[in-house]
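Next come the chains, spelled out residue by residue.
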Amino acid sequence: LKDQFDNLDKHTQWGIDFLEKYAKFVKERIEIEQNYAKQLRNLVKKYCPKRSPKDEEPRFTSCIAFFNILNELNDYAGQREVVAEEMGHRVYGELMRYSHDLKTERKMHLQEGRKAQQYLDMCWKQMDNSKKKFERECREAEKAQQSYERLDNDTNATKADVEKAKQQLNLRTHMADENKNEYAAQLQNFNGEQHKHYYIVIPQIYKQLQEMDERRTIKLSECYKGFADSERKVIPIISKCLEGMILAAKSVDEHRDSQLVIDCFKSGFEPPGDFPFEDYSQNIYRTISDGTISTPKQEGMRIDSKTTVGKAKGKLWLFGKKPKPQSPPLTPTSLYTSSTNGSQYPIFSIEPVHYCTSDIKTGKPRIPSFRSLKRGGPALEDFSHLPPEQRRKKLQQRIDELNRELQKETDQKDALIKMKDVYEKNPQMGDPGSLQPKLTETMSNMDRLRMEIHKNEAWLSEVEGKVAARGDRRHSSDINHLVTQGRESPEGSYTDDASQEVRGPQQHTHPAEFDDEFEDDDPLPAIGHCKAIYPFDGHNEGTLAMKEGEILYVIEEDKGDGWTRARRHNGEEGYVPTSYIDVTLEKNSKGA
């Protein structure tokens, strides 16, 4: 049994070592999951778009799908972290706690077994000592018996010696009897303790060790199951992440991406028109028809080619300078051609130059008009460096942002007014005067935002008007280009009267674009007058400063943005807050 006790000692120690070995395995698996999740998150962070909120890069469906895949992958990494956390809490932590408890319990059972064995050994030693003492006393009694018998048979022995030997015999016999009784008692006690040890104490200790080992096995089984459950719990969420990746892949739309590219790079420029046919053979045909070379009758109507070509020389095409046409020098005879009936009518060899310059005007963005410059529009602030279509989009986006900011300021003003009313009704809640600086600042911000909105709306209307005008000019140019055998008049129309087609240098008019720059510089008529109730500084561009009580002309009513356009007597114009003036409109304002 002692050997079996040692075997059980070794087996239980092996069980604890195996438990700790599995715990170490789970720990390393947790570290792998954590490192995997960390690397996935670093990967997502590396490839996630690093854009500011104001970045307006086109969001293609392929890019959006990739960003959604990155988000799903980030969620997948989060689930790997959940797996590691669940394993650490439910498996590894439980194993380490149970291993500590198991070691304590095993130590206690082994100590109990050793104590029982030591007690049994002590009982055996006591029994063995009493046995040896009894055996010794028996031998001494036998010696006393032999000595007594020898003296009793000896005739020479005295009576005293015999009597003394008899007394010694009785003493040894009595001591042998006592040691016999003690040995019997110790033997009976040892037999009882030995029976108790092998039939009660040791089996109970072995049973406890068996139960302990079985509980260890059950705990390992539970940890195996928990190890798998930690992975199985996140499978539905991981499946959703994978489904999200598949949906992101299905959301890619090549047609929408193409449309985004078109919208992004659409400039609004008109393509250059067709080059007209330049007939250089008309001089040959006229010579064959007339047989002589004559000069035109109207010398005063000859066009100065240097002046006309010089004006077009500085013009730029959409992708650079216009290629210089390689045409022969203009001669007076080249200004005429013959008809089928032999009559001559003038033509213009410089018509291609004029056509190209008019086409260039529709192909480049125009500078802001003098009115927009007078309102304080810098070159970059009004996006004049962009093509018309992109400029319109940028201005519309800025107007939307300003409107959102204005709405926030309006809500803040309403909240401050309500709070001020509450403070006035309940002075114990706060001082109403403490809100006045904030209210004044909010009103100033609202005025500034309204002015910015008005300025950007003016730029937007200017861009939209130019785009519409350019479309009309292109439509008119296309119609004129399709008319064959026609002749262009100085006003751009066609006529059959050849006498009206001759243009001299004094008939050159400003281009339509140049007229557009000055067409809105005429002062607007006054539709009423107003009186300033409060003074206004007018620090912002486009505003008009006024003093309290000053009288101004009203030339444009408030259109809902809180600003009224006014003019002083000296002709200075600008916008003033509608809430700062008392307006009186004329009844017949249109005829003023």
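Data block above holds the structure.
Here the residue index of a chain counts from 1 through its sequence in written order. For this predicted model, a pLDDT threshold of at least 70 governs which residues receive local features, and a threshold of 80 or more governs which side-chain atom pairs are given and counted, while totals over whole chains, interfaces and linings are taken from all residues. Just so you know, side-chain values use all the structure's heavy atoms and leave hydrogens and water out.

K.L.:
Before we go on, may I ask you to explain the overall build of the protein in this structure?
P.N.:
Along the protein, the regular secondary structure elements total twelve helices and nine strands. In this scheme, a residue with accessible area under 20% of its type's maximum is buried, one over 50% is exposed, and one in between is partly exposed, where area comes from a 1.4 Å probe on protein chains only. A burial count over the protein gives 32% of its 592 residues as buried. Between two residues, a contact is recorded if the distance between any of their heavy atoms is within 4.5 Å. Across the protein, every contact between residues at least 6 apart in sequence was considered, and the portion connecting residues at least 24 apart equals 74%. A total of about 38200 Å² of accessible surface is found on the protein, and carbon and sulfur atoms cover 54% of it. Labels follow the DSSP assignment, with helices taken as runs of H or I lasting at least four residues and strands as runs of E lasting at least two, numbered in each case from the N terminus. Accessible areas in this description were obtained via Shrake-Rupley with a 1.4 Å probe; residue shielding takes into account the shown protein chains only.

K.L.:
Help me understand the pattern of salt bridges, please; the structure alone is not making it clear to me.
P.N.:
Pairing between side chains of opposite charge can happen when the charged atoms of each approach one another. Throughout this description, the term salt bridge denotes a Lys or Arg side-chain nitrogen within 4 Å of a carboxyl oxygen of Asp or Glu. A complete count under the given rule lists 26 salt bridges for this structure. One salt bridge connects Arg-90 with Asp-229, and the closest N-O pair in it is separated by 3.5 Å. Note that Arg-90 is positioned in helix H2 (residues 61–153) and Asp-229 in helix H3 (residues 159–233), a separation of 139 residues in sequence. Across the salt bridge formed by Lys-219 and Glu-94, the nearest N and O atoms sit 3.3 Å from each other. One end of the pair, Lys-219, is in helix H3; the other, Glu-94, is in helix H2, with 125 residues separating them in the sequence. What emerges from the salt-bridge pattern is a single network uniting Glu-556, Lys-559, Arg-565, Arg-567 and Glu-573.

K.L.:
Sorry if this is basic, but what is going on with the pairing of strand S5 (residues 528–532) here?
P.N.:
Burial of the side chains of S5 is restricted to one face: Gly-528, Cys-530 and Ala-532 are buried, whereas none of His-529 and Lys-531 on the reverse face is. Any two strands with at least two DSSP bridges between them are considered paired. Bridge count for S5 against strand S6 (residues 551–556) is four bridges, and the pairing is antiparallel. Opposite Gly-528, over in S6, you have Val-554 as the bridge partner. Here S5 runs beside strand S9 (residues 581–585); their pairing, made up of five bridges, is antiparallel. When the bridges of S9 are listed, Ala-532 appears paired with Ile-581.

K.L.:
Would you take a moment to explain helix H5 (residues 254–265) for this structure?
P.N.:
Structural remark: α-helix, 3.6 residues per turn; residues separated by three or four positions point the same way. Expected span of a helix: the number of residues minus one, times 1.5 Å. End to end, H5 covers 17 Å across twelve residues, agreeing with the expected 16 Å (1.5 Å per residue, within 8%). Between N or O atoms, a polar contact is any pair within 3.5 Å; within protein, one atom must be a potential hydrogen donor and the other a potential acceptor, and residues adjacent in sequence are included only when both atoms are from side chains. Capping the start of H5 is the job of one residue whose side-chain oxygen sits 3.2 Å from the backbone nitrogen of His-255: Asp-253.

K.L.:
Any chance you could explain the sheet that holds strand S7 (residues 563–567) here in plain terms?
P.N.:
As a general point, the strands of a sheet are linked pairwise by backbone hydrogen bonds and lie either parallel or antiparallel. As summarised here, the arrangement of the five strands in space is S8-S7-S6-S5-S9, forming an open sheet in which the pairing is antiparallel. Sheet topology places strand S8 (573–577) and S9 at the edges, where each strand pairs with a single neighbour. Averaged over neighbouring strand pairs, the angle between their axes works out to 40° when direction is ignored. Interaxial angles span 0 to 180 degrees and are taken between N-to-C directions of axes, which are lines fitted to C-alpha atoms, for helices over the stretch in contact.

K.L.:
Teacher, can you tell me more about the environment of Asp-128 here?
P.N.:
Of note, Asp-128 is situated in helix H2. Counting along the chain gives 62 residues from Asp-128 to Phe-190, while the straight-line C-alpha distance between them is 9.6 Å.

K.L.:
Please explain the nonpolar core as it appears in this structure.
P.N.:
Where a protein is soluble and globular, its nonpolar side chains tend to be buried together. Ranked by size, the top nonpolar core spans 33 residues in total, and within it Tyr-22, Val-26, Val-91 and Leu-95 carry the most contacts. Looking at this core, the elements that each hand over two or more residues are helix H1 (2–47), H2, H3 and helix H4 (235–250). Examining the composition of this core, we find that 13 residues originate from one element, H2, more than from any other. Apart from the residues within four sequence positions on either side, Val-26 is in contact with Met-87, Val-91, Tyr-92, Leu-95 and Phe-227. In this description, a nonpolar core means a group of buried Ala, Val, Leu, Ile, Met, Phe, Trp, Tyr and Cys residues linked to one another through side-chain atoms lying within 4.5 Å.

K.L.:
Where do I start with the pairing of S7 in this structure?
P.N.:
Looking along a regular strand, one sees side chains alternate from face to face of the sheet. Most of S7 is tucked away, with five of its five residues classed as buried. Here S7 shows two buried faces, one formed by Trp-563, Arg-565 and Arg-567 and the other by Thr-564 and Ala-566. Sheet analysis places S6 next to S7, joined by three bridges and oriented antiparallel. Within S7, the position partnered with Glu-556 by the bridge is Arg-565. Hairpin connection, S6 to S7: the antiparallel pair is bridged by six residues, and Gly-560 has positive phi, about 100°. As judged from the five bridges shared by S7 and S8, these two strands associate in the antiparallel manner. Bridge pairing links Thr-564 to Val-576 in S8. Connecting the antiparallel pair S7 and S8 is a turn made up of five residues, with Gly-571 showing a positive phi of about 95°.

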